[in-house]
Amino acid sequence: MTTSRTRLGVMATVLGLIAVLGVVWLVKSATTGSQNTSGSGTDTSAAHSTATSDATDGGTTGSGDTTGNTTGSGQPTGNATGDGQTTGNTTGSGQTSGSATGGGGHTPGGGKTPGEGGRSIKVNGVRLDGANDHDGCVMFKNPYATTAHIESVSFSVTDGPEGPGNPALKSDNAAHCSRGSGCDGARLVTDGKCEAGAVLPSDAPSGDYTINAVAAFTFLCDNATTDPCKHALESGGPPPTPKNPVLLRASSSMPTDAFGEGPEPGDSPPNNPPQPVNPPPGDTPTTPTAPVQ
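Residues numbered from 1 in each chain as written. Predicted model: local features only at pLDDT ≥ 70, side-chain atom pairs only at ≥ 80, totals over all residues. Heavy atoms only, no water.

Asker: Is there a simple way to think about the overall build of the protein in this case?
Answerer: Tallying secondary structure elements over the protein gives two helices and 15 strands in all. Looking at the 293 residues of the protein, the share that counts as buried comes to 26%. The long-range share in the protein, meaning contacts at least 24 apart out of those at least 6 apart in sequence, stands at 65%. (Helix = DSSP H or I, 4+ residues; strand = E, 2+ residues; numbered from the N terminus. Buried < 20%, exposed > 50% of the residue type's maximum accessible area, 1.4 Å probe, protein only. Contact = heavy atoms within 4.5 Å.)

Given below as structure tokens:
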């Protein structure tokens, strides 16, 4: 009887272990089956499941919300938008491809040439500092925090031996001036200086000349708070911003003087004496008459 009871106990124990193993196998089978996908007709491996869990699902918008769709193969796709965000697709291996875009480190005007695709307005009340360097030369100085671009400098006579406007002047871009830093095309930072100069023609009458120099210049503005950019509001349009800059156009004049060393006013040109209008009396030729027979 004792042996029979022992056998029964061993059998019961074995059956119990078999039952427990069966339950564990069933649970494991159910768990593994739930990880299989049928969207593409193939099973997703454990390595693929791990890669999917590491990947970014969808596109991240500028507000930080995540959106997007997961394909049947388990590869999430999507684009990230917004300033400084990453654009591109995320593959099933967890690698993100694409490029980073955003507004950080912008150049005013988005890299456009000043005035290209934006507003350009003429403003009053914006002046450059300057000084009379004499001998037809002037100095211009930028007193503003915004860089000034000198486009051109023109000269005209306001007073001289032949009156205003005479003679016509020609700029030599300060080649004969003391400072020697020409203004044509110059970009002047704060307190930056340049010089412009004009020369009289060699046949200009001798005497003193008063000359006016006019510099045409621009400022590229991406705000409406600093001087001179606050003048951009005078046009009545929207204020300038880094994405929509405004090109301010202005001009500034500076007087100078020069001395002409040509001929005195009223002098006749040399080597050109006056010519007589009529021949002198008594020089008219006569024809001899024949003698009387």
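Asker: Would you explain the pattern of salt bridges in this entry?
Answerer: Side-chain pairs of opposite charge can arise where the charged atoms are in close proximity. For the structure on display, the rule yields one salt bridge. Note that Arg-249 is salt-bridged to Glu-151, the shortest N-O span being 3.1 Å. Of this pair, Arg-249 sits in strand S15 (residues 246-260) while Glu-151 sits in strand S10 (residues 148-159), placing them 98 residues apart in sequence. (Salt bridge = Lys/Arg side-chain N within 4 Å of Asp/Glu carboxyl O.)

Asker: Please clarify how the sheet that holds strand S14 (residues 207-221) should be interpreted in this entry.
Answerer: The pairing of strands in a sheet comes from backbone hydrogen bonds and takes either a parallel or an antiparallel form. Strands sit in the order S7-S15-S14-S10-S12 across an open sheet of five strands; the sheet is mixed. Edge positions in the open sheet fall to strand S7 (119-122) and strand S12 (187-188), since each of these has one partner strand only. As paired elements, S10 and S12 share two bridges and run antiparallel to each other. In the strand pairing of S12, His-149 is matched with Arg-187. (Pairing = 2+ DSSP bridges.)

Asker: Looking at this model, I keep getting lost on unusual backbone geometry. Mind explaining?
Answerer: Both trends apply: most residues other than glycine have a negative phi, and most peptide bonds are in trans. Cis geometry is found at the peptide bond from Asn-166 to Pro-167, where omega equals -5 degrees. For Pro-167, the position within the fold is in the loop between S10 and strand S11 (170-171). A cis amide bond links Asp-227 with the next residue in sequence, Pro-228, at an omega value of 15 degrees. Here Pro-228 shows up in the loop between S14 and S15. One non-glycine residue, Ala-174, adopts positive backbone phi at about 70 degrees. Here Ala-174 is to be found in the loop between S11 and S12. Given the relative accessible area of 1%, Ala-174 is considered buried.

Asker: How should I be thinking about the nonpolar core in this particular structure?
Answerer: One broad rule of soluble globular proteins: the nonpolar side chains tend to lie buried together. Within the largest apolar cluster, 35 residues are counted, with the highest numbers of intra-cluster contacts made by Phe-140, Ile-150, Val-153, Phe-155, Phe-217, Phe-219 and Leu-248. Residue assignment for this core shows that the elements contributing at least two residues are strand S9 (137-141), S10, strand S13 (193-199), S14 and S15. Here this core takes seven residues from S14, the largest share from any one element. (Core = buried A, V, L, I, M, F, W, Y, C linked by side-chain atoms within 4.5 Å.)

Asker: How do you make sense of the side chain of Asn-142 when you look at a structure like this?
Answerer: Relative to the elements of secondary structure, Asn-142 occurs in the loop between S9 and S10. Within the structure, the side chain of Asn-142 is placed 3.0 Å from the backbone oxygen of Thr-146, a separation counted as a polar contact. Beyond its immediate chain neighbours, meaning those up to four positions away, Asn-142 contacts Leu-128, Thr-147, Ala-148, Leu-188, Val-189, Thr-190, Asp-191, Gly-192 and Phe-219. (Polar contact = N/O pair within 3.5 Å; in protein donor to acceptor, adjacent residues only side chain to side chain.)

Asker: Sorry if this is basic, but what is going on with the environment of Asp-191 here?
Answerer: Structurally, Asp-191 is set in the loop between S12 and S13. A residue is classified by how much of its surface remains accessible, and Asp-191, at 45% relative accessible area, is partly exposed. Sequence separation between Asp-191 and Asp-129 is 62 residues, and the spatial gap between their C-alpha atoms is 9.2 Å.

Asker: How do you make sense of the packing of aromatic side chains when you look at a structure like this?
Answerer: Centre distance and the angle of the planes are the two values used to describe a pair of aromatic rings. Taken as a whole and judged by the stated rule, the model has two aromatic pairs. An angle of 90 degrees between the planes, with centres 5.5 Å apart, marks the rings of Tyr-144 and Phe-219 as edge-to-face. With Tyr-144 in the loop between S9 and S10 and Phe-219 in strand S14, this residue pair connects regions lying 75 residues apart in the sequence. For Tyr-144, a relative accessible area of 12% translates into the label buried. Here Phe-219 falls in the buried class, since its relative accessible area comes to 1%. Aromatic side chains Phe-217 and Phe-219 sit 5.8 Å apart centroid to centroid with 85 degrees between the ring planes, which places their arrangement in the edge-to-face category. (Phe/Tyr/Trp six-rings, centres within 6.5 Å; stacked < 30°, edge-to-face > 60°.)

Everything listed is a geometric property; what it means functionally is a separate question.
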